[in-house]
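Structural characterization, general
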Amino acid sequence: MKPKDGMKFGLTKIIQDGIKTEIDEVDIRRYLGYESEQCPRSEVLSLVDSQIRKAYELIKPAAYYAFKPITSVGNSRISVDGLLFTSRKLAPMFSGCSQAAIFVVTIGEALEKEVAQLTKEGLILKAVVLDAVGSVAVERVADWFDSMIRSLAAANGDKVSWRYSPGYCDWDITQQEELFRGLDAKLIEVNLTDMCLMVPRKSISGIMGMGKSCNTFSACRFCKRKSCPTRREEFVND
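The rules we used
- Within any chain, residue numbers begin from 1 and follow the written order of that chain's sequence.
- Owing to the predicted nature of the model, reporting of local features is limited to residues with pLDDT of at least 70; listing and counting of side-chain atom pairs is limited to 80 or more, with chain, interface and lining totals taken over all residues.
- Excluding hydrogens and water, the side-chain figures rest on all heavy atoms present in the structure.
- Strands here are runs of E lasting at least two residues and helices are runs of H or I lasting at least four, both read from the DSSP assignment and numbered beginning at the N terminus.
- Burial status follows relative accessibility: with a 1.4 Å probe on protein chains alone, a residue under 20% of its type maximum counts as buried, one over 50% as exposed, and anything between as partly exposed.
- Counted as salt bridges are all cases of a side-chain nitrogen of Lys or Arg within 4 Å of a carboxyl oxygen of Asp or Glu.

**A closer look at the side chain of Gln176**
The residue Gln176 is located in helix H5 (residues 176-181) in this model. You can call Gln176 buried: its relative accessible area is 3%.

**Some remarks on the pattern of salt bridges**
Counted by the stated rule, this structure contains 17 salt bridges. With its nearest N and O atoms 3.9 Å apart, the salt bridge here joins Glu57 to Lys54. Taken together, the positions of Glu57 and Lys54, both in helix H2 (residues 42-58) and 3 residues apart, correspond to about one turn of that helix. We classify Glu57 as exposed; its relative accessible area is 62%.

**Re unusual backbone geometry**
In this chain, Val199 is followed by Pro200 through a cis amide linkage whose omega measures 0°. Relative to the helices and strands, Pro200 resides in the loop between strand E8 (198-199) and strand E9 (203-211). Even without being glycine, Cys169 reaches a positive phi, approximately 50°. The phi torsion at Cys196 lies on the positive side, around 65°, for a residue other than glycine. Note that Cys196 resides in the loop between strand E7 (191-192) and E8. Assessed through its relative accessible area of 4%, Cys196 is described here as buried.

The structure is reproduced here in structure tokens:
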């Protein structure tokens with residue numbers, strides 16, 4: 001497949017402007033452990049509102065990504081332009097894909113520094129709420145990136161897979177190193193620890209497949225874990 005100008009293979013692209021991060025207080029409540037029908041006390045609602053406003057002052061959304069050709073897909077391996085990703089559950093998702101977008105999105109480090117300072121001062125509730133806001137904010141950045149990739153793919157007449165991150169399903173967290181190897185480390189303001197965790201913590205990495213025959217079902221259909229809170233699709237026992 002010959003990609004259009006907006007989807008050329010190779011160089012790491014950076015987006016730091018125009019990323020929408022609409023933070024919903026309902027999502028914050030969920031991160032804080034409230035059920036959908038529960039209504040927090042008025043002081044908690046007030047704190048959530050103030051910490052959302054604070055977060056907007058602190059977050060600096062950014063997306064780093066590159067388009068790469070998928071060279072082969074086996075039963076448990078996905079070869080992407082010299083990168084090798086291993087997952088028996090994810091491989092079927094990419095069997096019909098001709099290219100992939102590998103990416104890292106983040107909200108920067110300022111919010112995490114504020115959370116650490118609040119914790120140091122003993123303002124634990126404020127710290128917990130702000131941390132939850134940060135978690136929601138980076139998810140919204142990932143959602144924005146997902147929509148952007150889907151728009152580019154649609155303009156090229158392609159379908160797009162679900163996005164997956166190392167640590168999902170049976171895709172080992174150590175594969176962060178392989179994913180990061182596909183991006184220009186000098187351009188990315190996100191680093192990996194020895195345990196393959198990202199710094200800043202409020203960052204999300206992953207891969208999305210694209211192609212004319214790309215599979216759009218979820219890897220959840222191969223997973224028997226009924227209690228998973230992030231299940232996207234029912235288990236299919238073929």
